[in-house]
Amino acid sequence: LQLMCARRRTGGFTLIELAVVVAILGVMIALVAPKLGELGEANLKRSARHLTGMIRFLHEESQVKKTAYYLRFDIQDGRYWAEVLNRTSESTGEFQKVMSVIAGEGSLAGQTTFRDIKAGSHPEEPYILFTPDGWVESTIIHLRDGSGRDFSLRVKPLTGSTELLEGYVEER
């Protein structure tokens, strides 16, 4: 009889042992799952920081070089890039893509997407104009993170500074 009990005992785990393991795994998942949602927000904040850096750079560069710049957006692909006004004559010029390490093409991180961009008097054309006198178009860039939460990056016209706000914020 003792031999049968010993043999049965070595054949697997008891129901109590399995229940304890499942409970421990449940607690671990409950502690880790909220952190996974923060990854989407981290990607969104990284994207907002990169956009803010590009906006500040173009604001300062337009004043230093006394020329106009665009920050253009491809909303579908989540990309953005700088363009500089190259004068072809006294009264004409064309915008050309800037090839630079700092003002090169950028893209949104992770599953962050552009929801839309409300800029100046051209809401259908997604770009921000930076003028040589330091003026930046008042703009709101609406972003969405991987979990579907909306954020708004507001660009202030006089300073070129930005403010990241939670939710879909309309223009004032």
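Because the structure is a prediction, the values reported are computed rather than measured. Note that residues are indexed from 1 along each chain, following the sequence as it is written. Reporting in this predicted model follows two pLDDT cut-offs: at least 70 for local features of residues, and 80 or more for side-chain atom pairs to be given and counted; totals over whole chains, interfaces and linings ignore these cut-offs and use all residues. Only hydrogens and water are set aside; all other atoms, that is, all heavy atoms of the structure, feed into the side-chain values.

S.K.: Would you mind going over the environment of T67 in detail, with residue names and values included?
M.R.: By secondary structure assignment, the location of T67 is in the loop between α2 (15-65) and β1 (69-74). Taking the C-alpha atoms as reference, T67 lies 8.5 Å from F130; in sequence the two are 63 residues apart. What T67 contacts, discounting residues up to four positions off in sequence, is S62, V84, L85, F130, T131 and P132. Per the convention used, a helix needs a DSSP run of H or I reaching at least four residues, while a strand needs a run of E reaching at least two, with both numbered from the N terminus. Whether two residues touch is decided by their heavy atoms; if any such pair falls within 4.5 Å, the residues are in contact.

S.K.: If you had to explain the pairing of strand β9 (residues 162-166) to someone new, which residues and values would you point to?
M.R.: Successive residues of a regular strand alternate their side chains across the two faces of the sheet. At least two bridges found by DSSP between two strands are what make those strands a pair. The sheet contact formed by strand β8 (residues 150-155) and β9 spans 5 bridges and is antiparallel. Bridging from a neighbouring strand, F151 pairs with E166 of β9. Between β8 and β9, which pair antiparallel and follow one another directly, the connecting turn spans 6 residues, one of which, G160, has a positive phi of 75 degrees.

S.K.: Help me get a handle on the pattern of salt bridges, residues and values and all.
M.R.: A side chain of one charge can pair with a side chain of the opposite charge if their charged atoms are brought near each other. Salt bridges are defined as contacts in which a side-chain nitrogen from Lys or Arg sits within 4 Å of a carboxyl oxygen from Asp or Glu. Under the definition given, this model contains 9 salt bridges. In this structure, E83 and R72 form a salt bridge, with 2.9 Å as the shortest nitrogen-oxygen distance. With E83 in strand β2 (residues 79-87) and R72 in strand β1, the pair connects residues that are 11 residues apart, well separated along the chain. Buried means the residue's accessible area, taken with a 1.4 Å probe over protein chains only, is under 20% of the maximum for its type, while exposed means over 50%, and partly exposed covers the values in between. Looking at R72, the relative accessible area reads 22%, which means it is partly exposed. Here D150 ties to R144 by a salt bridge, and the two come within 2.8 Å at their closest N and O atoms. Exposure remark for D150: the relative accessible area of 16% places this residue in the buried category. Here the salt bridges do not stand alone but share partners, grouping D74, R79, K97 and E105 into one network.

S.K.: If you had to explain the side chain of D116 to someone new, which residues and values would you point to?
M.R.: By the element assignment, D116 lies in strand β5 (residues 113-119). We count Lys and Arg on the positive side and Asp and Glu on the negative side, and we leave His and both chain ends out. Of the buried charged residues, D116 lacks a salt bridge, with K118 as the closest side chain of opposite charge at 4.1 Å. Polar contacts, as used here, are pairs of N or O atoms within 3.5 Å; protein pairs need one atom able to donate a hydrogen and one able to accept it. Residues neighboring in sequence count only if both atoms are side-chain atoms. Looking at D116, its side chain comes within polar contact range of the side chain of Y168, at 2.6 Å. Those residues in contact with D116, other than ones at most four positions away along the chain, are I75, I140, I141, H142 and Y168.

S.K.: Can you explain the packing of aromatic side chains? Please cite residues and give values.
M.R.: Each Phe, Tyr or Trp ring (for Trp, its six-membered ring) is paired with any other whose centre lies within 6.5 Å, and the angle between the two planes then decides the class: stacked below 30 degrees, edge-to-face above 60, tilted in between. Considering all chains together, one arrives at 3 aromatic pairs under this definition. Summarising the aromatic geometry, the rings of F73 and F114 are spaced 5.4 Å apart at their centres and angled 80 degrees between planes, so their arrangement reads as edge-to-face. Pair noted here: F73 is in strand β1 and F114 is in strand β5, with a separation of 41 residues, a long-range link. The same class applies to F73 as to F114, namely buried. In textbook terms, an aromatic cluster arises when at least three aromatic residues are bridged by ring pairs, as seen for Y70, F95 and Y127. We count a charge as sitting over a ring when the NZ of a lysine or the CZ of an arginine lies within 6 Å of the ring centre and within 35 degrees of the ring normal. Across the ring face of Y127, the terminal group of R72 is positioned such that the distance to the ring centre comes to 5.0 Å.

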